[in-house]
Amino acid sequence: MSEATPTLYKGLVGVYADVSSVSKVMPETNSLTYRGYAVQDLCEESNFEEVAYLLWHGELPNAGQLAAFQAEERANRALSPALLRVLREIPRNAHPMDAIRTAVSFMGAEDPEAADVSDAAQRRKAMRLLAKLPTAVAATNRLSKGKEPIEPDPSLPFCENFFHLVFGKVPQPEVIKSFDVSMILYAEHTFNASTFTARTVTSTGADIHGAIAAGIAALKGPLHGGANEAVMHMLTEIGSPEAAEDWLEGKFDHKALVMGFGHRVYKNGDSRVPTMTKYAEKMAEVVGDRRWMETSRVLAAKMMRVKKIHPNLDFPAGPAYYLMGFDIPMFTPIFVCSRITGWAAHVFEQAADNRLIRPLSHYTGVEQRPVPPMSAR
Ligand code: COA
């Protein structure tokens, strides 16, 4: 006896799964706010550390609150010798997202407050993750190239320290600003796949390291965070602005996805793209290499003309990171270093007013039947 098909929301399209006061996407006006502040204003008027504080506390910090937040972050950057040994054991050709997911699991296992899921302990653990993730991402990258990890420098702000950890030096302020803007733009985006994953794990009463490891696993996919790497692979494959139109025609012929375009919620443009494009253009100026941004421009114009599909944040972020000198497999791990702020804000919010996340499935398999004896199979 088959039951009537209930209304299905495949991909949970259009489903409101809970309330949230962390951020708001307004697709009708292509806008995004964090705790009520327009993200493009935060990019111009604040920095990533202030935005991290805002996401976790609901308000921008005053000078004293920011200083305390920065001091705590700077004091927690070092990895344990045991974790460094684990990172050394990870195969050099492994994707760094797998290494970072492993690092977060290990950090959870060795965290002194591992089993404490009180709000205060979860917040302290989130701070430790925010502080240690860049160290782990940079160490993974250096070890994959046969180089030794660099010790974090507690005298440097968050973004400067990240360049120090990867390259052993801090670049000019324009580069830091472009990176900082990318970190603000990647920090938070309502109930995307990885955030919803982190909330689902939290809804079971599990700890924040588990939620963040699961979020990292979800972010790796090319339909989600992995798109920033895919965009740069695409641009290097195309090679030059002159080749872009023909390359795209080939994709249209095969009805292939073009990475860095389209979005589940924004159908008329991603609110974050103009700001990130502006700073990717600045990077092209600083480096003196306009090839990737020109190629991007040709692709975006033709995608709009033919498919009416807009680029998403990964489209300008990919070339921006490449121009900053980062290896392509680092792009999604950098996204992790930023999104830990949004994920953690949602973990706190979910835990504060929790109900186990457990949807239903409509069964379409075979009808109930008897188990046949082995001789009859
Ligand atoms: N390239 C080519 N076609 C695309 C496309 C893209 N990047 N994004 C969407 N489309 C097409 C779909 O194939 C679909 O075509 P159809 O109606 O002929 O089947 C149509 O546009 C509508 O797609 P939609 O339902 O709006 O997509 P979605 O909401 O299920 O998926 C994404 C959203 C992000 C998964 C999808 O746009 C995508 O895969 N983009 C590329 C990966 C990417 O950049 N991800 C980062 C997201 S921030």
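Residues numbered from 1 in each chain as written. Predicted model: local features only at pLDDT ≥ 70, side-chain atom pairs only at ≥ 80, totals over all residues. Heavy atoms only, no water.

Trainee: For this particular structure, what's the right way to read the overall build of the chain?
Mentor: Scanning the chain from terminus to terminus reveals 16 helices and 3 strands. In terms of C-alpha radius of gyration, the chain reaches 22 Å, essentially the compact-globule figure of 21 Å for 377 residues. Considering only C-alpha atoms, the chain reaches an extent of 70 × 55 × 45 Å along its principal axes. Going through the 377 residues of the chain one by one, you find that 48% of them count as buried. Nonlocal contacts in the chain, meaning residues at least 24 apart in sequence, comprise 75% of its contacts between residues at least 6 apart. If you sum the accessible surface of the chain, you get close to 18000 Å²; carbon and sulfur atoms cover 56% of it. Distance between charge centres in the chain, computed from 40 positive and 43 negative side chains, equals 5 Å. (Helix = DSSP H or I, 4+ residues; strand = E, 2+ residues; numbered from the N terminus. Rg over C-alpha atoms; globule rule 2.2 N^0.38 Å. Buried < 20%, exposed > 50% of the residue type's maximum accessible area, 1.4 Å probe, protein only. Contact = heavy atoms within 4.5 Å. Areas by Shrake-Rupley, 256 points an atom, 1.4 Å probe, with all protein chains shown as cover. Lys, Arg positive; Asp, Glu negative; His and termini not counted. Charge placed at Lys NZ, Arg CZ, Asp CG, Glu CD.)

Trainee: Please clarify how the pairing of strand 1 (residues 23-26) should be interpreted in this entry.
Mentor: Within a regular beta strand, the side chains point alternately toward one face of the sheet and then the other, so they alternate between its two faces. By the bridge criterion, 4 bridges tie strand 1 to strand 2 (residues 31-34) in an arrangement that is antiparallel. Pairing of Met26 across the sheet is with Ser31, part of strand 2. Hairpin remark: strand 1 followed by strand 2, antiparallel, with 4 residues in the connecting loop; positive phi at Asn30, about 50°. (Pairing = 2+ DSSP bridges.)

Trainee: Could you clarify how one ought to interpret the environment of Leu133 in this entry?
Mentor: Summarising the element assignment, Leu133 is placed in helix 6 (residues 119-144). Look at Leu133 and you get buried, because its relative accessible area is 0%. Here Leu133 is in contact with Ile100, Val104, Val336, Cys337 and Ile340, once residues within four sequence places are set aside.

Trainee: Teacher, can you tell me more about the packing of aromatic side chains here?
Mentor: The relation between two aromatic rings is expressed through the spacing of the ring centres and the mutual angle of the planes. Evaluated as defined, the whole model comprises 19 aromatic pairs. Consider the rings of Tyr186 and Phe335, whose centres lie 3.8 Å apart with planes at 25°: the pair is stacked. You can see Tyr186 sitting in helix 8 (residues 173-186) and its partner Phe335 sitting in helix 16 (residues 331-352), a full 149 residues away along the chain. In this structure, Tyr186 and Phe335 share a single accessibility class: buried. Among the aromatic residues, those joined into a cluster by ring pairs are Phe162, Phe163, Phe167, Phe179, Tyr186, Tyr321, Phe326, Phe331 and Phe335. (Phe/Tyr/Trp six-rings, centres within 6.5 Å; stacked < 30°, edge-to-face > 60°.)

Trainee: Sorry if this is basic, but what is going on with the site of the ligand here?
Mentor: Around the ligand, 18 residues are found, and the nearest of them are Val258, Gly260, Phe261, Arg264 and Lys267. Here Leu223 contributes a backbone N or O atom positioned 3.0 Å from a nitrogen atom of the ligand. Here Phe261 contributes a backbone N or O atom positioned 2.8 Å from a nitrogen atom of the ligand. Across the complex, the protein chains shield 59% of the 870 Å² of accessible surface that the ligand would expose by itself. By residue class, the composition of the shell around the ligand is 10 nonpolar, 5 polar and 3 charged. (Near = heavy atom within 4 Å. Polar contact = N/O pair within 3.5 Å; in protein donor to acceptor, adjacent residues only side chain to side chain. Nonpolar A, V, L, I, M, F, W, Y, C, P; charged D, E, K, R; others polar.)

Trainee: I tried to follow the environment of Pro27 on my own but got confused; where do I start?
Mentor: By secondary structure assignment, the location of Pro27 is in the loop between strand 1 and strand 2. Pro27 sits 227 residues away from His254 along the chain, and the two C-alpha atoms are 29 Å apart. Non-local contacts of Pro27, meaning those with residues more than four positions away in its chain, are made with Val265, Tyr266 and Asn268.

Trainee: I tried to follow a nonpolar patch on the surface on my own but got confused; where do I start?
Mentor: Taken together, the side chains of Tyr9, Leu12 and Val15 make up a nonpolar region of the molecular surface, amounting to roughly 280 Å² of accessible area. Topologically, Val15 is positioned in the segment before strand 1. The exposure class assigned to Val15 is partly exposed, which follows from its relative accessible area of 36%. (Patch = residues over 30% accessible without salt bridge, like charges linked within 9 Å, V, L, I, M, F, W, Y side chains within 5 Å. Salt bridge = Lys/Arg side-chain N within 4 Å of Asp/Glu carboxyl O.)

Trainee: Explain the nonpolar core to me, please; I cannot follow it from the model alone.
Mentor: The tendency in soluble globular proteins is for nonpolar side chains to be buried side by side. Residues Tyr34, Trp56, Phe179, Leu299 and Phe326 are the most contacted members of the largest nonpolar core, which totals 100 residues. The contacts of Trp56, once residues within four sequence positions are left out, are Phe69, Arg123, Ala126, Met127, Leu130, Ile340, Thr341, Ala344, Ala345 and Phe348. (Core = buried A, V, L, I, M, F, W, Y, C linked by side-chain atoms within 4.5 Å.)

Trainee: Is there a simple way to explain helix 15 (residues 314-324) in this structure?
Mentor: For the α-helix, the turn length of 3.6 residues means that residues three or four positions removed from each other point alike. The buried fraction of helix 15 is high, at 10 of 11 residues. Taken together, the buried positions of helix 15 are occupied by Asp314, Phe315, Pro316, Ala317, Gly318, Pro319, Ala320, Tyr321, Leu323 and Met324. Where helix 15 terminates, the next one or two residues include Gly325, which has phi positive at roughly 105°.

Trainee: I'm lost on the pattern of salt bridges in this one. Help?
Mentor: Side-chain pairs of opposite charge can arise whenever the charged atoms involved come near each other. Scanning the model with the defined rule gives 21 salt bridges in all. As a salt-bridge pair, Asp18 and Arg199 come within 3.8 Å of each other at their nearest N and O atoms. With a gap of 181 residues between them, Asp18 in the segment before strand 1 and Arg199 in helix 9 (residues 193-203) connect regions that are remote in the sequence. For Asp18, a relative accessible area of 37% corresponds to the partly exposed category. Owing to a relative accessible area of 1%, Arg199 belongs among the buried residues under this scheme. For Arg297, the salt bridge goes to Glu294, with nearest N and O atoms at 3.7 Å. Residue Arg297 and its partner Glu294 are located together in helix 14 (residues 291-307), separated by 3 residues, close to a single helical turn.

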